[in-house]
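The primary structure of each chain is shown beneath.
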Amino acid sequence: MVKQTLQLGIMSALNIGSALAFQWLVLTILGPGAQTDALFAALTVPQLFAAVISTSLTHVLTPLLAGESADDQHRDCWTLLALTTIVFLGITLVLVALAPWWIPLTVPGFSAANKALAVDLGRISLIGMIFTGLNAVQAAAAFARQRFIWTDATATCASIIAALLLVWLLPVYGVFAAAWIAVLRLLLQSLLLLRGMGRPRRPEMSRPMVSEAWRRLRPLLIGASYYKMDPLVDRFLLSALPAGSLSLLYLAQQLHSAGSQVMVKALVVPAITQLAVAAKSDDDARYSTILKRALCVMALVALFAITALAVVGKPVLALAMEHGRFAPSDSAKLWLLLMLTSGMLFGGALGSLAAGAFYARGNTRTPTWLGSISFTLSIGVKLMMFKLFGLVGLAIAISSYYLISLVMMVGSLYRRKLFDQFPLGV
């Protein structure tokens, strides 16, 4: 088990590190400014789609597919893949057609030229949503079969290819090259993941899995579509600040998200799969033990990471980031933003596990409801902190949002007595 965790952690780190190379190349070659702000603003909705739709699909489908026979998994996976292709293609076409209307509303502080640039980049970036949805189904199929490393290996390969293309094309074509390459990376990942899907099967829309997946997914999507809109709130506020502010806070959030994803891939995904199996067999003792151990380990890892950031983060960032057009002042500001938003790393990682504990039992309503409440509270906090302290205040408010959400989620688990029956060491 320890060996598998280490392998997952290493592969996940390689995957996320290669993906972060995208932001690193963009910011060091172009420098934080109006163009990069427009690019990262254009990526907001596709990333929201990934956070809401894609992540929800993976969380819901993994427990459902886990424990099924190989034949049932095969048939269900290809049915779900066909269904998501149709749905996500339709959503993408609508959003692309309406982009000139809704994208400027998300960045009211941008100049007219920057709004037009954000629209053009947004139309390109939206295409990636189709492949993001497909990747979610493919990843769930792999997780259900205990093929955790394979999904990260394919993403790493796609990210490395994308980074190499970026080095070649970004200096020539600028931010438009970055937008197209981001889409290409998702397409490559989907093509590589097809290998694990087996031979194509004709979709069977009458499969019980389809209705059960929709039953579990519906409350999650309704709530998550609301409470995971926090990046839009951030971009809305940041558009009023000097050029480059949006890019730096975006990078800080991406770095914390990357650290959180490493922990989620290495610890949360295997734990949720085990929790789902324990829940299906009504083994409350095993369910309780798995959940408590995973929470304790993740808390220790997150605290260690934040401590390391405080102690050695500044010189490491200077070494890694101060190249090309990324100035020392940008590096210092990035470190400060990372420290102020460190609650995102701690609360995001542990919150994923707490939410996964509910998903493993087929309960998608509770984490959705709690997420909606914490997001509603955070809107007021962000507006107040931004008005008082600007960029620094917003960074602090982002941390508080994740920590409040975590406290509410863990408190609900305690009240439901889902992991207090047995000592930790059992």
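Residues numbered from 1 in each chain as written. Predicted model: local features only at pLDDT ≥ 70, side-chain atom pairs only at ≥ 80, totals over all residues. Heavy atoms only, no water.

Colleague: How would you sum up the overall build of the protein? Please name residues and give values.
Modeller: Helix and strand counts for the protein come out as 16 helices and 0 strands. Scaling as 2.2 N^0.38, a compact globule of 426 residues should have a C-alpha radius of gyration of about 22 Å, and the protein matches this with 21 Å. Across its three principal directions, the C-alpha atoms of the protein cover 55 × 50 × 40 Å. Residues classed as buried in the protein amount to 55% of the 426 residues present. Put simply, of all contacts in the protein between residues at least 6 apart along the chain, 85% involve residues at least 24 apart. Approximately 18,000 Å² of the protein is accessible, and the part contributed by carbon and sulfur atoms is 70%. Here the protein holds 32 positive side-chain charges and 17 negative ones, and the gap between their average locations is 1 Å. (Helix = DSSP H or I, 4+ residues; strand = E, 2+ residues; numbered from the N terminus. Rg over C-alpha atoms; globule rule 2.2 N^0.38 Å. Buried < 20%, exposed > 50% of the residue type's maximum accessible area, 1.4 Å probe, protein only. Contact = heavy atoms within 4.5 Å. Areas by Shrake-Rupley, 256 points an atom, 1.4 Å probe, with all protein chains shown as cover. Lys, Arg positive; Asp, Glu negative; His and termini not counted. Charge placed at Lys NZ, Arg CZ, Asp CG, Glu CD.)

Colleague: Residue-level account of helix α4 (residues 70-97), with values.
Modeller: Within an α-helix, residues lying three or four positions from one another point in the same direction, as the helix has 3.6 residues per turn. For α4, built from 28 residues, the straight-helix expectation of 40 Å at 1.5 Å per residue is met to within 8% by its first-to-last C-alpha distance of 41 Å. Of the positions making up α4, those classed as buried are Q73, H74, D76, C77, W78, T79, L80, L81, T84, F88 and T92. (Expected span 1.5 Å × (residues − 1).)

Colleague: Provide a residue-level description of the packing of helix α3 (residues 44-65) against helix α12 (residues 245-280), including the pertinent values.
Modeller: Where α3 contacts α12, the two axes come as close as 10 Å, and the packing angle between them is 15 degrees. Relative to α12, the element α3 is oriented roughly parallel. Relative to α12, the crossing made by α3 is right-handed. Where α3 abuts α12, its residues Q47, H59, T62, P63 and L64 lie against Y250, Q254, I272, T273, A276 and K280. Taken together, the residues of the contact of α3 with α12 sort by class into 5 nonpolar, 5 polar and 1 charged. (Axes fitted to C-alpha atoms, helices over the stretch in contact; angles between N-to-C directions. Parallel < 35°, antiparallel > 145°, perpendicular 65-115°, else oblique. Left-handed = near helix turned anticlockwise from the far one by under 90°. Nonpolar A, V, L, I, M, F, W, Y, C, P; charged D, E, K, R; others polar.)

Colleague: Before we move on, could you go through a nonpolar patch on the surface and cite the residues and values that matter?
Modeller: Judged by side-chain polarity, L336, M384, L388, F389, V392 and I396 come together as a nonpolar surface patch covering roughly 550 Å² of accessible area. Along the polypeptide, F389 turns up in helix α16 (residues 365-415). (Patch = residues over 30% accessible without salt bridge, like charges linked within 9 Å, V, L, I, M, F, W, Y side chains within 5 Å. Salt bridge = Lys/Arg side-chain N within 4 Å of Asp/Glu carboxyl O.)

Colleague: So what's going on with the environment of L39? Which residues, and what values?
Modeller: Its place among the elements puts L39 in helix α2 (residues 34-42). If sequence neighbours within four positions are ignored, L39 has contacts with V26, L121, V175, A178 and A179.

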